[in-house]
Amino acid sequence: MLENTQCQKALDCLKKGELVILPTETVYGIAADAQNEEAVKKIFKAKNRPDFNPLISHYAEVSEIDKDVVLDSRARKLLEKFSPGPLTLVLNKKENSRISDLVSSGLKTAAVRIPEKELSLELLKSFAAPVAAPSANLSTELSPTQIEHLNPKLLDQVSLVLDQGPCEHGIESTIVDLSTDKVIVLRFGSITSQEIEETLGEKVFLKDDSGEVKAPGSLLKHYAPKTKLRLNSKEALSENDALLAFGEPGSNTQAFQKVINLSPKADLAEAARNLFASLHSLDKEAFQSIAVMPIPEQGLGLAINDKLIKAAS
Ligand code: TXA
Ligand code: MG
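A few points on the structure.

Rules and cut-offs
Residues numbered from 1 in each chain as written. Chains lettered and ligands numbered in written order. Predicted model: local features only at pLDDT ≥ 70, side-chain atom pairs only at ≥ 80, totals over all residues. Heavy atoms only, no water. Axes fitted to C-alpha atoms, helices over the stretch in contact; angles between N-to-C directions. Helix = DSSP H or I, 4+ residues; strand = E, 2+ residues; numbered from the N terminus. Parallel < 35°, antiparallel > 145°, perpendicular 65-115°, else oblique. Left-handed = near helix turned anticlockwise from the far one by under 90°. Contact = heavy atoms within 4.5 Å. Expected span 1.5 Å × (residues − 1). Buried < 20%, exposed > 50% of the residue type's maximum accessible area, 1.4 Å probe, protein only. Disulfide = S-S within 2.5 Å. Pairing = 2+ DSSP bridges. Nonpolar A, V, L, I, M, F, W, Y, C, P; charged D, E, K, R; others polar. Core = buried A, V, L, I, M, F, W, Y, C linked by side-chain atoms within 4.5 Å.

Two elements in contact, helix H8 (residues 268–283) and helix H9 (residues 300–312), have axes whose closest approach is 9 Å; the angle formed by their N-to-C orientations is 25°. Comparing the axis directions of H8 and H9 gives the class roughly parallel. The way H8 lies across H9 gives a crossing that is left-handed. Residues Leu-268, Ala-269, Ala-271, Ala-272, Leu-275 and Phe-276 of H8 lie in contact with H9, whose contacting residues are Leu-300, Gly-301, Ile-304, Lys-307 and Leu-308.

With that out of the way, let us pick up unusual backbone geometry. One can expect most non-glycine residues to show negative phi and most peptide bonds to be in trans. Omega for the bond connecting Ser-83 with Pro-84 falls within 30 degrees of zero, at -5°, which places this linkage in the cis form. Relative to the helices and strands, Pro-84 is located in the loop between helix H4 (73–82) and strand E4 (87–92). Non-glycine residue Ser-105 carries a positive phi angle of around 50°. You can see Ser-105 is positioned in the loop between E4 and strand E5 (109–113). The phi dihedral of Ala-266 is positive, around 55°, even though this residue is not glycine. Note on placement: Ala-266 falls in the loop between strand E13 (258–261) and H8.

All right, on to H9 then. Between the first and last C-alpha of H9 there are 19 Å, a value that for 13 residues agrees with the 18 Å anticipated at 1.5 Å per step. Considered for burial, the residues of H9 that qualify are Leu-300, Gly-301, Ala-303, Ile-304, Asn-305, Asp-306, Lys-307, Leu-308 and Ala-311. Lining the buried residues of H9 we find strand E9 (183–187), strand E11 (228–231), H8 and strand E14 (289–292).

Attention now moves to the state of the cysteines. On inspection of all chains with the given rule, the structure shows 0 disulfides. Cys-13 provides the cysteine sulfur closest to Cys-7, a residue in no disulfide bond, and the two sulfurs are 11 Å apart.

A separate point is the pairing of strand E8 (residues 174–177). The alternating pattern of E8 places Thr-174 and Val-176 and Ile-175 and Asp-177 on opposite faces, both of which are buried. Where E4 and E8 come together, 4 bridges link them in parallel fashion. For Leu-87, the partnering residue across the bridge sits in E8 and is Thr-174. As defined by bridge partners, E8 adjoins E9 across 3 bridges and the pair is classed as antiparallel. The residue of E9 that forms the bridge with Asp-177 is Ile-184. Between E8 and the antiparallel strand that follows it, E9, lie 5 residues.

Turning our attention to the packing of H4 against helix H7 (residues 193–200). Relative to each other, H4 and H7 sit at 120°, their axes nearing to 10 Å. Taken as axis vectors, H4 and H7 run oblique relative to one another. Crossing of H4 over H7 shows right-handed handedness. Facing Arg-74, Lys-77, Leu-78, Lys-81 and Phe-82 of H4, the residues of H7 in contact are Glu-195, Ile-196, Thr-199 and Leu-200. Across the contact of H4 with H7, the residue classes tally to 4 nonpolar, 1 polar and 4 charged.

What follows covers the environment of Ser-281. Among the secondary structure elements, Ser-281 is positioned in helix H8. Once residues lying within four places of it in the same chain are set aside, the contact partners of Ser-281 are Lys-258 and Ile-260.

Burial along E14 is two-sided: Ser-289 and Ala-291 facing one way and Ile-290 and Val-292 facing the other are all buried. Note that E11 and E14 share 4 bridges and pair parallel. Looking at the pairing, Lys-228 lines up with Ser-289 of E14. Pairing analysis gives 4 bridges linking strand E12 (residues 241–245) to E14, with the strands arranged parallel. By the bridge assignment, Ala-242 is partnered in E14 with Ile-290.

Counting residues in each nonpolar core, the largest one holds 69 residues, and the members touching the most others are Ile-30, Leu-78, Leu-89, Val-176 and Ile-196. Counting residues per element, this core draws most heavily on H8, which supplies 7 residues. Non-local contacts of Leu-78, meaning those with residues more than four positions away in its chain, are made with Ser-83, Leu-87, Leu-89, Val-176, Leu-178, Ile-196, Thr-199 and Leu-200.

Below is the structure:
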(Lines give C-alpha, C1' and ligand atoms only; values in the text may rest on other atoms or scores of the structure.)
(Ligands and ions follow the chains in the order given, each with its own letter.)
Protein backbone atom coordinates (compact mmCIF):
# COMPACT_ATOMS: atom_id res chain seq x y z
CA MET A 1 0.00 0.00 0.00
CA LEU A 2 1.19 3.53 -0.79
CA GLU A 3 1.61 5.93 2.10
CA ASN A 4 -0.66 8.51 0.48
CA THR A 5 -4.19 7.12 0.11
CA GLN A 6 -5.00 9.39 -2.86
CA CYS A 7 -1.93 8.02 -4.62
CA GLN A 8 -3.01 4.47 -3.86
CA LYS A 9 -6.46 5.22 -5.35
CA ALA A 10 -4.83 6.78 -8.42
CA LEU A 11 -2.65 3.70 -8.82
CA ASP A 12 -5.70 1.43 -8.69
CA CYS A 13 -7.47 3.63 -11.30
CA LEU A 14 -4.50 3.49 -13.70
CA LYS A 15 -4.29 -0.29 -13.34
CA LYS A 16 -8.00 -0.58 -14.16
CA GLY A 17 -7.52 1.45 -17.35
CA GLU A 18 -9.18 4.59 -15.98
CA LEU A 19 -8.10 8.23 -16.34
CA VAL A 20 -6.50 10.25 -13.54
CA ILE A 21 -5.58 13.95 -13.34
CA LEU A 22 -1.89 14.17 -12.49
CA PRO A 23 -0.12 17.19 -10.96
CA THR A 24 3.21 18.20 -12.49
CA GLU A 25 5.54 21.15 -12.02
CA THR A 26 4.56 22.46 -15.49
CA VAL A 27 0.81 21.97 -16.00
CA TYR A 28 -1.75 19.36 -14.88
CA GLY A 29 -1.91 16.23 -17.04
CA ILE A 30 -4.66 13.73 -17.88
CA ALA A 31 -3.08 10.32 -17.42
CA ALA A 32 -3.56 6.69 -18.43
CA ASP A 33 -1.57 3.46 -18.58
CA ALA A 34 0.56 3.88 -21.73
CA GLN A 35 0.48 0.13 -22.39
CA ASN A 36 -3.32 -0.09 -22.36
CA GLU A 37 -4.74 1.04 -25.72
CA GLU A 38 -8.33 1.19 -24.48
CA ALA A 39 -7.23 3.51 -21.67
CA VAL A 40 -5.16 5.68 -24.03
CA LYS A 41 -8.13 6.01 -26.40
CA LYS A 42 -10.06 7.54 -23.50
CA ILE A 43 -7.47 10.36 -23.28
CA PHE A 44 -7.83 11.25 -26.97
CA LYS A 45 -11.60 11.17 -26.64
CA ALA A 46 -11.73 13.21 -23.42
CA LYS A 47 -9.52 15.96 -24.91
CA ASN A 48 -11.01 15.74 -28.38
CA ARG A 49 -7.42 15.34 -29.55
CA PRO A 50 -6.54 14.13 -33.05
CA ASP A 51 -4.84 10.73 -32.88
CA PHE A 52 -1.88 11.89 -35.02
CA ASN A 53 -0.70 14.06 -32.12
CA PRO A 54 1.43 11.79 -29.88
CA LEU A 55 1.50 11.83 -26.06
CA ILE A 56 4.37 12.13 -23.57
CA SER A 57 5.06 9.10 -21.35
CA HIS A 58 5.83 9.91 -17.72
CA TYR A 59 8.16 8.00 -15.40
CA ALA A 60 9.77 8.26 -11.97
CA GLU A 61 13.10 6.71 -12.91
CA VAL A 62 15.65 6.66 -15.71
CA SER A 63 15.96 2.87 -15.36
CA GLU A 64 12.29 2.54 -16.42
CA ILE A 65 12.72 4.95 -19.37
CA ASP A 66 15.69 2.83 -20.43
CA LYS A 67 13.36 -0.14 -21.03
CA ASP A 68 11.27 1.69 -23.64
CA VAL A 69 13.53 4.05 -25.63
CA VAL A 70 17.19 4.22 -26.67
CA LEU A 71 19.18 6.37 -24.24
CA ASP A 72 22.43 7.63 -25.72
CA SER A 73 25.03 9.62 -23.77
CA ARG A 74 23.36 12.94 -24.66
CA ALA A 75 20.01 11.74 -23.30
CA ARG A 76 21.61 10.47 -20.10
CA LYS A 77 23.42 13.76 -19.58
CA LEU A 78 20.26 15.82 -19.98
CA LEU A 79 18.21 13.51 -17.75
CA GLU A 80 20.87 13.61 -15.08
CA LYS A 81 21.03 17.38 -15.14
CA PHE A 82 17.35 18.32 -15.51
CA SER A 83 15.21 15.42 -14.22
CA PRO A 84 12.96 15.35 -12.36
CA GLY A 85 11.99 18.61 -14.00
CA PRO A 86 10.41 20.36 -17.02
CA LEU A 87 12.28 18.43 -19.73
CA THR A 88 10.84 16.05 -22.34
CA LEU A 89 13.08 14.01 -24.63
CA VAL A 90 12.04 12.54 -27.98
CA LEU A 91 13.98 9.31 -28.49
CA ASN A 92 13.86 6.22 -30.69
CA LYS A 93 11.56 3.49 -29.39
CA LYS A 94 13.09 0.13 -28.56
CA GLU A 95 11.83 -2.95 -30.40
CA ASN A 96 10.04 -4.23 -27.28
CA SER A 97 8.99 -0.80 -25.99
CA ARG A 98 6.03 -0.86 -23.61
CA ILE A 99 4.77 2.47 -24.99
CA SER A 100 1.78 1.61 -27.20
CA ASP A 101 1.73 2.77 -30.83
CA LEU A 102 -1.36 4.78 -30.04
CA VAL A 103 0.64 6.88 -27.54
CA SER A 104 3.38 7.57 -30.08
CA SER A 105 0.89 7.95 -32.98
CA GLY A 106 2.62 5.19 -34.92
CA LEU A 107 5.97 7.06 -34.98
CA LYS A 108 9.31 5.31 -34.45
CA THR A 109 10.05 7.82 -31.71
CA ALA A 110 8.44 8.48 -28.32
CA ALA A 111 8.47 11.42 -25.91
CA VAL A 112 9.44 10.74 -22.27
CA ARG A 113 9.83 12.78 -19.12
CA ILE A 114 10.17 12.67 -15.31
CA PRO A 115 7.91 15.28 -13.67
CA GLU A 116 8.83 16.90 -10.39
CA LYS A 117 5.70 16.87 -8.19
CA GLU A 118 5.94 14.55 -5.20
CA LEU A 119 2.52 12.89 -5.54
CA SER A 120 3.12 12.09 -9.18
CA LEU A 121 6.57 10.71 -8.49
CA GLU A 122 5.17 8.46 -5.76
CA LEU A 123 2.47 7.22 -8.11
CA LEU A 124 4.81 6.74 -11.08
CA LYS A 125 7.38 4.98 -8.95
CA SER A 126 4.95 2.34 -7.79
CA PHE A 127 3.33 2.02 -11.23
CA ALA A 128 6.83 1.24 -12.59
CA ALA A 129 5.72 1.54 -16.23
CA PRO A 130 5.05 4.39 -18.68
CA VAL A 131 2.07 6.67 -17.96
CA ALA A 132 0.80 8.69 -20.93
CA ALA A 133 -0.31 12.21 -20.03
CA PRO A 134 -1.00 15.23 -22.21
CA SER A 135 -1.98 18.54 -20.63
CA ALA A 136 -5.40 18.26 -19.00
CA ASN A 137 -7.21 20.74 -21.25
CA LEU A 138 -9.57 20.22 -24.18
CA SER A 139 -7.68 20.53 -27.48
CA THR A 140 -7.31 24.26 -28.37
CA GLU A 141 -8.04 25.40 -24.80
CA LEU A 142 -5.47 26.68 -22.28
CA SER A 143 -3.46 24.23 -20.21
CA PRO A 144 -4.49 24.09 -16.53
CA THR A 145 -1.93 25.23 -13.95
CA GLN A 146 -4.32 24.69 -11.02
CA ILE A 147 -7.27 22.34 -10.59
CA GLU A 148 -9.77 25.23 -10.64
CA HIS A 149 -9.00 25.56 -14.38
CA LEU A 150 -10.08 22.02 -15.21
CA ASN A 151 -12.94 21.95 -17.71
CA PRO A 152 -16.02 20.13 -16.27
CA LYS A 153 -16.40 18.28 -19.60
CA LEU A 154 -12.98 16.76 -19.04
CA LEU A 155 -13.55 16.11 -15.34
CA ASP A 156 -16.63 14.07 -16.24
CA GLN A 157 -14.39 11.53 -17.88
CA VAL A 158 -11.74 11.02 -15.20
CA SER A 159 -11.97 8.81 -12.12
CA LEU A 160 -9.76 10.83 -9.80
CA VAL A 161 -8.01 14.18 -9.45
CA LEU A 162 -4.67 14.25 -7.66
CA ASP A 163 -4.44 17.82 -6.38
CA GLN A 164 -1.05 19.17 -5.45
CA GLY A 165 -1.66 22.89 -5.68
CA PRO A 166 -0.50 25.32 -8.38
CA CYS A 167 2.16 24.27 -10.90
CA GLU A 168 5.49 25.97 -10.14
CA HIS A 169 6.61 26.50 -13.75
CA GLY A 170 3.24 27.18 -15.35
CA ILE A 171 4.22 26.40 -18.93
CA GLU A 172 4.73 23.00 -20.54
CA SER A 173 8.07 21.19 -20.55
CA THR A 174 10.87 21.98 -22.97
CA ILE A 175 10.87 19.26 -25.68
CA VAL A 176 14.26 18.21 -27.07
CA ASP A 177 14.44 15.79 -29.99
CA LEU A 178 17.47 13.48 -29.72
CA SER A 179 16.22 10.87 -32.17
CA THR A 180 18.82 11.91 -34.79
CA ASP A 181 22.40 13.22 -34.66
CA LYS A 182 21.09 16.77 -34.36
CA VAL A 183 19.85 18.20 -31.07
CA ILE A 184 16.57 19.95 -31.90
CA VAL A 185 14.40 21.93 -29.50
CA LEU A 186 10.80 21.25 -30.57
CA ARG A 187 9.04 23.26 -27.89
CA PHE A 188 10.33 26.12 -25.75
CA GLY A 189 9.85 25.77 -21.99
CA SER A 190 11.45 26.66 -18.66
CA ILE A 191 14.73 24.97 -19.60
CA THR A 192 16.28 27.23 -22.21
CA SER A 193 18.10 26.25 -25.40
CA GLN A 194 21.26 27.84 -23.98
CA GLU A 195 21.12 25.54 -20.95
CA ILE A 196 20.74 22.49 -23.22
CA GLU A 197 23.61 23.72 -25.36
CA GLU A 198 25.86 24.30 -22.33
CA THR A 199 25.07 20.90 -20.83
CA LEU A 200 25.74 18.99 -24.04
CA GLY A 201 28.54 21.18 -25.30
CA GLU A 202 27.09 21.09 -28.80
CA LYS A 203 25.00 23.29 -31.04
CA VAL A 204 21.26 23.13 -30.54
CA PHE A 205 18.89 23.61 -33.46
CA LEU A 206 15.49 25.18 -33.06
CA LYS A 207 12.56 23.60 -34.81
CA ASP A 208 12.42 26.37 -37.39
CA ASP A 209 16.12 26.11 -38.29
CA SER A 210 15.76 22.50 -39.30
CA GLY A 211 13.15 23.49 -41.87
CA GLU A 212 10.45 21.04 -40.87
CA VAL A 213 7.96 20.91 -38.07
CA LYS A 214 8.69 17.85 -35.98
CA ALA A 215 6.36 18.08 -32.98
CA PRO A 216 3.07 17.06 -34.55
CA GLY A 217 1.25 19.10 -31.91
CA SER A 218 2.83 22.32 -33.10
CA LEU A 219 0.86 22.04 -36.35
CA LEU A 220 -2.37 22.42 -34.46
CA LYS A 221 -4.24 25.42 -33.21
CA HIS A 222 -3.29 25.86 -29.57
CA TYR A 223 -3.95 27.81 -26.41
CA ALA A 224 -6.71 29.88 -27.94
CA PRO A 225 -8.56 32.17 -25.54
CA LYS A 226 -11.95 33.43 -26.74
CA THR A 227 -10.92 37.07 -26.30
CA LYS A 228 -8.70 38.64 -28.94
CA LEU A 229 -5.11 39.23 -27.78
CA ARG A 230 -3.09 42.20 -29.06
CA LEU A 231 0.61 41.56 -28.55
CA ASN A 232 3.30 44.15 -27.79
CA SER A 233 0.78 46.80 -26.84
CA LYS A 234 -0.08 48.89 -23.80
CA GLU A 235 -2.86 50.81 -25.45
CA ALA A 236 -6.59 50.46 -24.84
CA LEU A 237 -8.53 50.47 -28.13
CA SER A 238 -11.98 50.34 -26.55
CA GLU A 239 -13.62 51.17 -23.22
CA ASN A 240 -13.78 47.51 -22.43
CA ASP A 241 -10.20 46.35 -22.85
CA ALA A 242 -7.91 44.58 -20.39
CA LEU A 243 -4.15 44.83 -20.02
CA LEU A 244 -1.79 41.94 -19.41
CA ALA A 245 1.23 43.81 -18.10
CA PHE A 246 4.85 42.87 -17.56
CA GLY A 247 7.12 45.07 -15.46
CA GLU A 248 6.28 48.75 -15.07
CA PRO A 249 2.98 49.36 -16.93
CA GLY A 250 3.34 53.16 -17.20
CA SER A 251 0.68 55.79 -16.60
CA ASN A 252 -1.84 54.57 -19.13
CA THR A 253 -3.51 51.90 -17.00
CA GLN A 254 -6.71 53.86 -16.16
CA ALA A 255 -7.80 53.37 -19.76
CA PHE A 256 -8.27 49.66 -19.05
CA GLN A 257 -11.17 47.92 -17.33
CA LYS A 258 -8.75 45.54 -15.68
CA VAL A 259 -4.99 45.12 -15.39
CA ILE A 260 -3.21 41.90 -14.46
CA ASN A 261 0.55 42.10 -14.11
CA LEU A 262 2.43 38.89 -14.96
CA SER A 263 5.40 40.13 -12.95
CA PRO A 264 5.63 43.70 -11.60
CA LYS A 265 9.35 43.17 -11.05
CA ALA A 266 9.79 41.93 -14.64
CA ASP A 267 10.88 38.43 -13.61
CA LEU A 268 10.39 35.95 -16.48
CA ALA A 269 10.00 32.86 -14.26
CA GLU A 270 7.26 34.59 -12.29
CA ALA A 271 5.59 35.68 -15.56
CA ALA A 272 5.66 32.10 -16.90
CA ARG A 273 4.12 30.78 -13.69
CA ASN A 274 1.29 33.33 -13.89
CA LEU A 275 0.70 33.25 -17.66
CA PHE A 276 -2.05 30.65 -18.10
CA ALA A 277 -3.85 31.56 -14.85
CA SER A 278 -3.93 35.22 -15.96
CA LEU A 279 -5.20 34.35 -19.44
CA HIS A 280 -7.83 32.02 -17.93
CA SER A 281 -9.03 34.75 -15.61
CA LEU A 282 -9.13 37.58 -18.19
CA ASP A 283 -10.76 35.35 -20.79
CA LYS A 284 -13.71 34.69 -18.46
CA GLU A 285 -14.72 38.36 -18.34
CA ALA A 286 -15.63 38.99 -21.98
CA PHE A 287 -13.42 42.01 -22.65
CA GLN A 288 -13.33 43.50 -26.14
CA SER A 289 -9.64 42.68 -26.38
CA ILE A 290 -6.59 42.11 -24.20
CA ALA A 291 -3.44 44.18 -24.79
CA VAL A 292 -0.28 42.29 -23.88
CA MET A 293 2.85 44.30 -23.06
CA PRO A 294 6.12 43.24 -24.73
CA ILE A 295 8.01 40.36 -23.11
CA PRO A 296 11.79 40.29 -23.70
CA GLU A 297 12.69 37.76 -26.39
CA GLN A 298 15.38 35.97 -24.41
CA GLY A 299 15.68 32.90 -22.14
CA LEU A 300 12.28 31.97 -20.74
CA GLY A 301 10.81 34.92 -22.63
CA LEU A 302 11.05 32.83 -25.83
CA ALA A 303 8.71 30.23 -24.33
CA ILE A 304 6.28 32.85 -23.04
CA ASN A 305 6.18 34.67 -26.41
CA ASP A 306 5.69 31.35 -28.22
CA LYS A 307 2.56 30.67 -26.11
CA LEU A 308 1.31 34.25 -26.57
CA ILE A 309 1.78 34.19 -30.35
CA LYS A 310 -0.19 30.93 -30.54
CA ALA A 311 -2.88 32.32 -28.26
CA ALA A 312 -3.18 35.46 -30.40
CA SER A 313 -3.36 33.74 -33.78
O1 TXA B 1 4.79 19.78 -19.41
C2 TXA B 1 4.35 18.90 -20.14
O3 TXA B 1 5.04 18.36 -21.02
C4 TXA B 1 2.89 18.47 -19.93
C5 TXA B 1 2.78 17.71 -18.61
C6 TXA B 1 1.38 17.18 -18.37
O7 TXA B 1 3.73 16.68 -18.56
N8 TXA B 1 2.44 17.66 -21.02
C9 TXA B 1 2.19 18.17 -22.27
O10 TXA B 1 1.68 17.24 -23.16
O11 TXA B 1 2.39 19.32 -22.55
P12 TXA B 1 0.98 17.66 -24.53
O13 TXA B 1 0.38 16.42 -25.05
O14 TXA B 1 0.06 18.79 -24.30
O15 TXA B 1 2.17 18.06 -25.47
C16 TXA B 1 3.03 17.08 -25.94
C17 TXA B 1 3.76 17.54 -27.16
C18 TXA B 1 2.88 17.63 -28.39
O19 TXA B 1 3.14 18.83 -29.07
C20 TXA B 1 3.33 16.43 -29.22
O21 TXA B 1 3.17 16.67 -30.59
C22 TXA B 1 4.79 16.30 -28.81
O23 TXA B 1 4.78 16.58 -27.45
N24 TXA B 1 5.30 14.93 -29.01
C25 TXA B 1 4.94 13.81 -28.35
N26 TXA B 1 5.57 12.73 -28.86
C27 TXA B 1 6.36 13.17 -29.85
C28 TXA B 1 7.27 12.56 -30.77
N29 TXA B 1 7.49 11.25 -30.77
N30 TXA B 1 7.90 13.35 -31.66
C31 TXA B 1 7.71 14.68 -31.68
N32 TXA B 1 6.86 15.32 -30.84
C33 TXA B 1 6.19 14.59 -29.95
MG1 MG C 1 -1.11 20.48 -24.51
